Amino acid sequence: MAMSYRVRFWDIRERPDRRKGFEVRWTVNGREKSESFLTKGLAESRRAKLMTAARDGEPFDSRTGLPASELRALKQRTTWYVLAREYIEQRWDRTPGNTRRTLADALATITPAFVEPGASCREPRVLRRALYSWAFNKNAWKSDASEEWQAALDWLQRHSLPVGELDDPDVLRRGFDALCRKVDGQAAAAKTVKRKKAAVNEVFGVAVERGYFAQNPLSGLRWRAPEAADEVDPDCVPNPAQIA
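Residues numbered from 1 in each chain as written. Predicted model: local features only at pLDDT ≥ 70, side-chain atom pairs only at ≥ 80, totals over all residues. Heavy atoms only, no water.

(A) Spatial organisation of the pattern of salt bridges. The tally for this structure, following the rule as stated, stands at 11 salt bridges. Of the charged contacts in the structure, one is a salt bridge between Arg-15 and Glu-23, with a shortest N-O distance of 3.4 Å. The exposure class assigned to Arg-15 is partly exposed, which follows from its relative accessible area of 21%. Residue classification places Glu-23 among the buried positions, given a relative accessible area of 5%. The shortest N-O distance in the salt bridge between Arg-46 and Glu-35 comes to 3.0 Å. Here Arg-46, found in helix 1 (residues 40–55), pairs with Glu-35, found in strand 5 (residues 31–37); they are 11 residues apart in sequence, far enough to count as distant. The exposure class of Glu-35 is partly exposed, given its relative accessible area of 23%. Beyond isolated ion pairs, a larger network of salt bridges with shared partners links Arg-13, Arg-15 and Glu-23. (Salt bridge = Lys/Arg side-chain N within 4 Å of Asp/Glu carboxyl O. Buried < 20%, exposed > 50% of the residue type's maximum accessible area, 1.4 Å probe, protein only. Helix = DSSP H or I, 4+ residues; strand = E, 2+ residues; numbered from the N terminus.)

(B) Quick peek at the packing of aromatic side chains. For the coordinates displayed, the defined rule picks out six aromatic pairs. On the basis of an interplanar angle of 75 degrees and a centroid distance of 6.5 Å, the ring pair of Phe-9 and Phe-60 is categorised as edge-to-face. In this pair, Phe-9 sits in strand 2 (residues 7–9) while Phe-60 sits in strand 6 (residues 60–61), placing the two residues 51 residues apart along the sequence. There is no split in this pair, since Phe-9 and Phe-60 are both buried. Among the aromatic residues, those joined into a ring-pair cluster are Trp-80, Phe-114, Phe-204 and Phe-213. (Phe/Tyr/Trp six-rings, centres within 6.5 Å; stacked < 30°, edge-to-face > 60°.)

(C) Structural detail: the environment of Asp-154. Checked against the element boundaries, Asp-154 lands in helix 6 (residues 147–159). Along the chain, Asp-154 and Ser-69 lie 85 residues apart, while their C-alpha atoms are 30 Å from each other.

(D) Geometry of the packing of helix 3 (residues 80–91) against helix 8 (residues 190–209). Their axes nearest at 11 Å, the elements helix 3 and helix 8 cross at an angle of 90 degrees. Taken together, the axis directions place helix 3 and helix 8 in an arrangement best described as roughly perpendicular. Where helix 3 abuts helix 8, its residues Trp-80, Leu-83, Tyr-87, Gln-90 and Arg-91 lie against Glu-202, Val-203, Phe-204, Val-206 and Ala-207. Here the residues of the contact of helix 3 with helix 8 sort into seven nonpolar, one polar and two charged. (Axes fitted to C-alpha atoms, helices over the stretch in contact; angles between N-to-C directions. Parallel < 35°, antiparallel > 145°, perpendicular 65-115°, else oblique. Contact = heavy atoms within 4.5 Å. Nonpolar A, V, L, I, M, F, W, Y, C, P; charged D, E, K, R; others polar.)

(E) Representation of the side chain of Glu-70 within the structure. With respect to the secondary-structure elements, Glu-70 resides in helix 2 (residues 68–75). For Glu-70, a relative accessible area of 18% corresponds to the buried category. There is a polar contact of 2.7 Å between the side chain of Glu-70 and the side chain of Arg-46. Those residues in contact with Glu-70 that sit more than four places away from it in its chain are Arg-46, Lys-49 and Leu-50. (Polar contact = N/O pair within 3.5 Å; in protein donor to acceptor, adjacent residues only side chain to side chain.)

(F) Examining the pairing of strand 5 more closely. Where strand 4 (residues 22–28) lies against strand 5, seven bridges are found, and the strand directions are antiparallel. Note on strand 5: the bridge partner recorded for Arg-25 is Ser-34. Following strand 4, the chain reverses through two residues before pairing antiparallel with strand 5; Asn-29 in that reversal takes a positive phi of roughly 55 degrees. (Pairing = 2+ DSSP bridges.)

(G) Up close: the nonpolar core. Judged by nonpolar contacts, the single largest core of 51 residues is most densely connected at Trp-80, Leu-131, Phe-136, Leu-166 and Phe-204. Mapped onto this core, the elements with two or more residues apiece are helix 3, helix 4 (97–110), helix 5 (124–135), helix 6, helix 7 (169–179) and helix 8. Ranked by residue count, the leading element in this core is helix 8, at seven residues. Phe-37, Ala-43, Leu-50 and Phe-60 belong to the second largest nonpolar core, which has 10 residues in total. (Core = buried A, V, L, I, M, F, W, Y, C linked by side-chain atoms within 4.5 Å.)

(H) Layout of the pairing of strand 4. Counting buried residues in strand 4 gives seven out of seven residues, a clear majority hidden from the surface. Of the two faces of strand 4, the one holding Phe-22, Val-24, Trp-26 and Val-28 and the one holding Glu-23, Arg-25 and Thr-27 are both buried throughout. Pairing analysis gives three bridges linking strand 2 to strand 4, with the strands arranged antiparallel. The residue bridging Arg-8 from the neighbouring strand is Thr-27, located in strand 4. Pairing of strand 3 (residues 13–14) with strand 4, which is carried by two bridges, proceeds in the antiparallel orientation. Paired with Arg-13 across the two strands is Glu-23, which belongs to strand 4.

Now the structure itself:
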C-alpha cells in the first residue's frame with residue numbers, strides 16, 4: 001500500500017451534460033483522482049473533507065486516492081475470516097510445512113471465537129476441521145470444500161466479526177481464551193497456547209502493515225498465557241527396570 005503526502009486539489013469542475021454534474025478532482029503523488037456529485041454543495045463538502053485530512057497531515061493512498069483514515073475505515077469492514085484467509089494466501093508459499101500447520105491450527109482455533117455475540121455453530125468440530133484442513137490450507141483450495149464443510153464455512157462468513165471490532169479488549173481476550181482450550185473443552189498444553197498466540201500476533205502485525213489498524217490492538221492487551229508446568233509427573237517417568 002503506497003501512501004503519499006503529495007496531494008494537490010483542483011477547483012470543482014461543472015459538467016452539465018452529466019447526471020452527477022459536479023466533479024471533485026485531486027492528485028496523489030501525481031495520479032489524478034475524482035468523485036462526482038449531484039449538487040455543488042455535496043461536492044464542496046467532499047472537497048473540504050479531503051483538504052482537511054491533508055492539512056491534518058494524513059497520507060493519501062496512491063491507488064484509491066483516499067486519506068489513510070478513510071481507507072482504514074473501509075478495510076475495517078472486512079471480516080476477521082476474510083483477513084485471516086488473505087494472510088494465509090500471502091504467507092503460504094514462503095512458509096515451511098511446520099509453520100503452515102501452526103498457522104492453520106492457531107487460526108482454526110481463534111476464528112470461531114471472533115464471531116457475533118450469541119452466535120454458536122451447531123457443529124464446532126466440523127467447523128474446526130473445515131478451517132484447519134481447507135480454509136487455512138492453501139494447497140486444498142485446488143478443489144472445493146465438501147458440502148458439510150462448506151455449510152459450516154458459510155455460517156462463519158455470515159457471523160464473523162468485522163476487523164473494526166477487534167480493537168475491543170473483551171473480544172480479543174475471548175479469542176485468546178479460546179486458544180487455551182481444545183475442541184472438547186479440555187485445557188490445551190501451555191506450550192501449544194504460546195505457539196498459537198505467537199502465530200496470531202503475526203497476523204495482527206501484518207494487518208497493521210496493510211492498513212487494517214492504525215496500531216496493533218494487541219500491544220496494550222492485558223492477557224497472559226498459562227505458564228508451562230515444570231513439575232515432573234512420576235507416572236510418566238520410567239523406572240530403572242522399564243529402562244532396562
